[in-house]
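Here are the chains, one letter per residue:
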Amino acid sequence: QVQLVESGGGLVQPGGSLRLSCAASASGSIFRLLVIRWYREAAGKQRELVAEISAGGSTNFASSVKGRVTISRDNTKNTVYLQMNSLKPEDTAVYYCNALSMGINYWGQGTQVTVSS
């Protein structure tokens, strides 16, 4: 079983930065094998994939955030980070962490990111 807890959201001005964290309760031996994904869901819109990082550290990003967002993992802390720079109002959403393990999709509770002046 995997439990995910997001943190780091908040209110930021356009052009600002935030770092989101996704802490997993899985054992280290399991965590390091997980593909971790960040999704976001804006009001009235479908949940969309923002970024993902594989067990080996390969990354993929949505075109809407490419060049502004990085994703990294620290397997010693069972944590994945989403660094978001040059934030725009359209980045406003609830950001969710996701992991797929043994055929089960696990989600965190989400963290709100609001980009506004």
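The coordinates are above.
Residues numbered from 1 in each chain as written. Predicted model: local features only at pLDDT ≥ 70, side-chain atom pairs only at ≥ 80, totals over all residues. Heavy atoms only, no water.

Visitor: Quick question: what am I supposed to make of the pattern of salt bridges here?
Guide: Side-chain pairs of opposite charge can arise whenever the charged atoms involved come near each other. Per the stated rule, a full pass over the model turns up five salt bridges. Close ionic contact of E52 with R37 constitutes a salt bridge, the shortest N to O distance being 2.6 Å. Of this pair, E52 sits in strand β5 (residues 48-53) while R37 is found in strand β4 (residues 36-41), placing the two residues 15 residues apart along the sequence. The residue D91 makes a salt bridge to R68 at a minimum N-O spacing of 2.8 Å. (Salt bridge = Lys/Arg side-chain N within 4 Å of Asp/Glu carboxyl O. Helix = DSSP H or I, 4+ residues; strand = E, 2+ residues; numbered from the N terminus.)

Visitor: What should I look at first to understand the pairing of strand β3 (residues 18-24) in this one?
Guide: Across a regular strand the side chains alternate sides, sitting on one face of the sheet and then on the other. β3 sits mainly inside the fold: five of its seven residues count as buried. The pairing of strand β1 (residues 4-7) with β3 spans four bridges and is classified as antiparallel. Within β3, the position partnered with L4 by the bridge is A24. The sheet contact formed by β3 and strand β8 (residues 79-84) spans six bridges and is antiparallel. Considered in β8, the bridge of S21 is made with Y81. (Buried < 20%, exposed > 50% of the residue type's maximum accessible area, 1.4 Å probe, protein only. Pairing = 2+ DSSP bridges.)

Visitor: Looking at this structure, how should I read the environment of R32?
Guide: Assignment of secondary structure puts R32 in the loop between α1 (28-31) and β4. In the structure, R32 is positioned 80 residues away from Q112 in sequence and 26 Å away in space, judged by C-alpha atoms.

Visitor: Before we go on, may I ask you to explain the packing of aromatic side chains in this structure?
Guide: Given two aromatic rings, their pairing is described by the distance between the two centres and the angle made by the two planes. Tallied over the full model, the rule gives two aromatic pairs. Ring geometry for Y96 and W107: centres 6.4 Å apart, planes at 85 degrees, overall edge-to-face. Here the residue Y96 occupies a position in strand β9 (residues 93-101), and W107 occupies one in strand β10 (residues 104-107), the gap between them amounting to eleven residues. Overall, W107 belongs to the partly exposed group, its relative accessible area being 36%. If you follow R47 out to its NZ or CZ, it ends over the ring of Y96, 3.8 Å from the centre. The ring of W107 is capped by R47, whose NZ or CZ atom sits 4.6 Å from the centre of that ring. (Phe/Tyr/Trp six-rings, centres within 6.5 Å; stacked < 30°, edge-to-face > 60°. Lys NZ or Arg CZ within 6 Å of the ring centre and 35° of its normal.)

Visitor: Looking at this structure, how should I read the nonpolar core?
Guide: Note that soluble globular proteins tend to have their nonpolar side chains buried in a common cluster. Of all hydrophobic cores here, the largest spans 30 residues; its most connected members are L4, I36, W38, V80, L82, M84 and Y95. Within the residue set of this core, elements represented by two or more residues are β3, β4, β5, β7 (69-74), β8, β9 and β11 (111-115). Not counting the four nearest positions on each side in its chain, L4 is found in contact with C22, A23, A24, C97, N98, A99, Y106, W107, G108 and Q109. (Core = buried A, V, L, I, M, F, W, Y, C linked by side-chain atoms within 4.5 Å. Contact = heavy atoms within 4.5 Å.)

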